[in-house]
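Structural overview
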There are 4 protein chains.
Amino acid sequence: MDVKLICHTPNCQQVVATAARLCYSADDIDTILTKMGDKRGKKLILKLIDLGHQSPFEHISFTFGISGISRSLSHQLVRHRIASYSQKSQRYVSESQFDYITPPSIKKDEKTKKRYDQLMENIAKCYEELSEIAPKEDARYVLPNSCETKIVATFNARSLFNFFQHRMCTRAQWEIRLLSEKMYDIVNEISPEIFSYFGASCDTLGYCPEGTMCCGKAQTLEQRER
Amino acid sequence: MDVKLICHTPNCQQVVATAARLCYSADDIDTILTKMGDKRGKKLILKLIDLGHQSPFEHISFTFGISGISRSLSHQLVRHRIASYSQKSQRYVSESQFDYITPPSIKKDEKTKKRYDQLMENIAKCYEELSEIAPKEDARYVLPNSCETKIVATFNARSLFNFFQHRMCTRAQWEIRLLSEKMYDIVNEISPEIFSYFGASCDTLGYCPEGTMCCGKAQTLEQRER
Amino acid sequence: MDVKLICHTPNCQQVVATAARLCYSADDIDTILTKMGDKRGKKLILKLIDLGHQSPFEHISFTFGISGISRSLSHQLVRHRIASYSQKSQRYVSESQFDYITPPSIKKDEKTKKRYDQLMENIAKCYEELSEIAPKEDARYVLPNSCETKIVATFNARSLFNFFQHRMCTRAQWEIRLLSEKMYDIVNEISPEIFSYFGASCDTLGYCPEGTMCCGKAQTLEQRER
Amino acid sequence: MDVKLICHTPNCQQVVATAARLCYSADDIDTILTKMGDKRGKKLILKLIDLGHQSPFEHISFTFGISGISRSLSHQLVRHRIASYSQKSQRYVSESQFDYITPPSIKKDEKTKKRYDQLMENIAKCYEELSEIAPKEDARYVLPNSCETKIVATFNARSLFNFFQHRMCTRAQWEIRLLSEKMYDIVNEISPEIFSYFGASCDTLGYCPEGTMCCGKAQTLEQRER
């Protein structure tokens, strides 16, 4: 899996703090912009997070170039609707000799991995045969979930908070969890004054909201009451 | 493919016409509701369509139960973000002896179809073997795009207009085109006074907006100029 | 303020439970629909709420006809973006002799109320004078926030949960709080098996998420730790 | 009215073209990024516009600091739901001695303007009196639509296309038309290779989609048929 940041809004802290400050200030925008470039901006960000006032974080966004992921993952990813996607098309691009993802639980056993690789080879062969008779968009019906895809995805920070809460959680599948961790590391390096307060639900909220499905890493509210 | 309407907003014409009329009227809501139940409502709907004033159509929505479709199709479907989805999970539901979709271009040639069916059988066997060693969510990496899925999808009428424009177009893949036609037939039976004016882009706009990719069924604006 | 339900998705519990059950079941949609009409549906709803699994609640929606509210309120209301609105236009409908909202804090003091009413009268007079010279859309620049408006608003249940959390909170302004309470009462009567678990943030979550702005009605997480 | 660009996605053409190219290419993301920095990127942008393929334009966004606008305008502006807003609050910021917008149709006649200014003065006086008795959030009920506000607004390019089509149209009110023109000039200077193809509906589509409400600046499709 390869995740790279293609571009992002510059001066994240200043932009978010300016937008937030504007709501409660009589100052003009230039004055607010100047004031929010420094420590005061940082302090305001903290307050927004404490109050759960997340809308100002929508003003900054991040565009990721993601490759070496399975179509299983991409099908989960695009379910996050407050984001923009451009994905490699299996209708128009040939998947002859496609690369594929192997889950760790399969990779770890040599015999199982061999079985898996053989099936992938069979599928690839069949795909090529079908490609000669049927259009690519139909030949692809044999392609597996494991088939590699690439996608460009843009999220604003507020939508990322939601993405991290759900997908960095131990209940998420390993592959999208890995993706969310990589995305998190990238944005947290750019703007730790914002993202260091976020992560999986339990790291963000201080408790686990998953009820009876809680993994035990953190306590649910009910457990804490006892 | 099986598409059934699970539920929908009742009295579509009256609801849309009331919402639209409210914008331009000094009457109270009850009065408007009464007036819009009849011919005047129908006439107003026509005017909204003529003016391209689509927001009142957001007030009515339709919930479809869709089954017997491939994961290829569902991956395309959920890219429509102004809609709500609940889909059968391959992480939690076993796909042992899964059903699958066969594209017409493959089905029509007996030998090709046999090759396809054999591969599906191989995949199913491998899936079962993997399921004994790995969790379902990982075993599913071998499952093909053709694998059948089920999904409940809710669209408001405005989002349906957009869906129909793109997916009833000849450029859409056969499977999602079939789905969109079935969805169209269902809503058009319920509310022809609204939906009879919509369909593929060319049927809706009167010309083809697909530029150089136009299929020839209708003319592009450029072609009409000549 | 008058709030009436214009229409809504029928069989709320059954629709939500069916959508949710589909995700985890090998049954076909008709079978699930039948099963979810009874107690099992009710039990599943509870589980969804316990797990914070809110997406199935998007499949049901409610259309409200709202009148006798101020433009202050409507400006706040339309900030909720996951909803659909049709509002009486001040550009096209004359506001000659407009009705207006008087806040309780002004109404309670007779002298203050008189001052307020006089100003409203002055504004109405000026509006009429301007209407003779300028188009309605410009004359309306003198109209006050208190000016009554009407709006048709459609929310799905998930978006309503969010609306109730923020707007039934004591920190919300009295007018939108009143609106949210009326909307809540309406939907809770239709579907108490869903809505009885929701309300202001503190009633929904069991604690106050407003940090240092907490009103004291419930404790924040920090306060509960001590 | 003052509109300034607070920030924006850098390298607009390269980002959009890379996202679009990824859909149809077997190349890796770095290779595509490099290729799309030059003429090929520009050519691809043109093709996307010709085909009406707008989703790649969602990856770039623009954050505007807008001040010196009326609350009439801001109420219209926030109806565009695919955007993010942070607006000066009349609940928390005092509007003592508020500035206000005067429509040209009122400004042009001296006597009318005087009448308007006097009313504004009366309102301001009343607001101050009420502020001593009632909370700011209630005193503001007397404030007029003309009252100046400030707002930070973030749009992606696709949402801007929609905004320009509707709000640069002669049917839009003068104030939001002026705003949209200023926003257009700003983004068109940054990225003319994208925005020069957009504007009011008629400038974008080549015909007027407003049916019987057409201003005559361009022809409707029906008129062109004749």
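Residues numbered from 1 in each chain as written. Chains lettered and ligands numbered in written order. Predicted model: local features only at pLDDT ≥ 70, side-chain atom pairs only at ≥ 80, totals over all residues. Heavy atoms only, no water.

With an unreviewed UniProt entry as reference, chain A is termed Flavin-dependent thymidylate synthase, source organism Proteinivorax tanatarense. Regarding chain A, the relevant UniProt record gives this comment under Subunit (unreviewed entry): "Homotetramer." (UniProt positions renumbered as here; feature names shortened; annotations may be inferred.)

This part is about the nonpolar core. With 105 residues, the main nonpolar core has Ile66(A), Met183(A), Phe195(A), Ile66(B), Met183(B) and Phe195(B) as its most contacted residues. In this view, Ile66(B) contacts Asp2(B), Val3(B), Leu77(B), Thr149(B), Lys150(B), Ile151(B), Ala153(B), Leu179(B), Met183(B) and Ile29(C); residues no more than four positions away in its chain are not counted. (Core = buried A, V, L, I, M, F, W, Y, C linked by side-chain atoms within 4.5 Å. Buried < 20%, exposed > 50% of the residue type's maximum accessible area, 1.4 Å probe, protein only. Contact = heavy atoms within 4.5 Å.)

Another point: unusual backbone geometry. The phi dihedral of Gln97(A) is positive, around 55 degrees, even though this residue is not glycine. Topologically, Gln97(A) is positioned in the loop between strand S3 (84-87) and helix H5 (104-107). (Helix = DSSP H or I, 4+ residues; strand = E, 2+ residues; numbered from the N terminus.)

This paragraph deals with the UniProt feature "active site" (unreviewed entry) in chain A. The residues that UniProt annotates with the feature "active site" (unreviewed entry) are Arg167(A). Leaving out residues up to four positions away in the same chain, Arg167(A) has contacts with Gln76(A), His80(A), Ala172(A), Ile176(A), Arg177(A) and Ser180(A).

Bringing the sheet that holds strand S2 (residues 61-70) of chain B into the picture now. Residue and element names in this part refer to chain B. With antiparallel pairing, the four strands of this open sheet are ordered in space as S1-S2-S4-S3. Edge positions in the sheet fall to strand S1 (2-8) and strand S3 (84-87), since each has one partner strand and no second. The sheet shows a mean angle of 20 degrees between the axes of neighbouring strands, direction not considered. Of the strand pairs in this sheet, S1 and S2 are connected by six bridges, and their pairing is antiparallel. Bridge pairing in S2 places Val3 opposite Ile66. Against the sheet, helix H8 (residues 157-167) touches S2 and strand S4 (148-156), its axis set at about 125 degrees to S4. Strands in contact with helix H9 (residues 174-190) are S1, S2 and S4; relative to S2, the strand with the most contacts, it is inclined by about 150 degrees. (Pairing = 2+ DSSP bridges. Axes fitted to C-alpha atoms, helices over the stretch in contact; angles between N-to-C directions.)

Contacts between the two partners involve 49 residues from chain A, matched on the other side by 49 residues from chain B. Surface buried jointly by chain A and chain B totals about 4200 Å² across both partners, of which 50% is contributed by carbon and sulfur atoms. Considering only the side of chain A, the residues that lose the most area to chain B are His75(A), Arg81(A) and Tyr141(A), jointly responsible for 19% of the buried surface there. Our enumeration of links across chain A and chain B arrives at two salt bridges. For Glu129(B), the salt bridge goes to Arg115(A), with nearest N and O atoms at 2.7 Å. Joining chain A to chain B, the criterion identifies 33 residue pairs in polar contact (both at pLDDT 80 or more). The element best represented in the side of chain A that touches chain B is helix H6 (residues 110-133) of chain A, accounting for twelve residues. Of the residues belonging to the side of chain A that touches chain B, the class tally is 22 nonpolar, 15 polar and twelve charged. (Buried area = accessible area lost by both parts, 1.4 Å probe. Salt bridge = Lys/Arg side-chain N within 4 Å of Asp/Glu carboxyl O. Polar contact = N/O pair within 3.5 Å; in protein donor to acceptor, adjacent residues only side chain to side chain. Nonpolar A, V, L, I, M, F, W, Y, C, P; charged D, E, K, R; others polar.)

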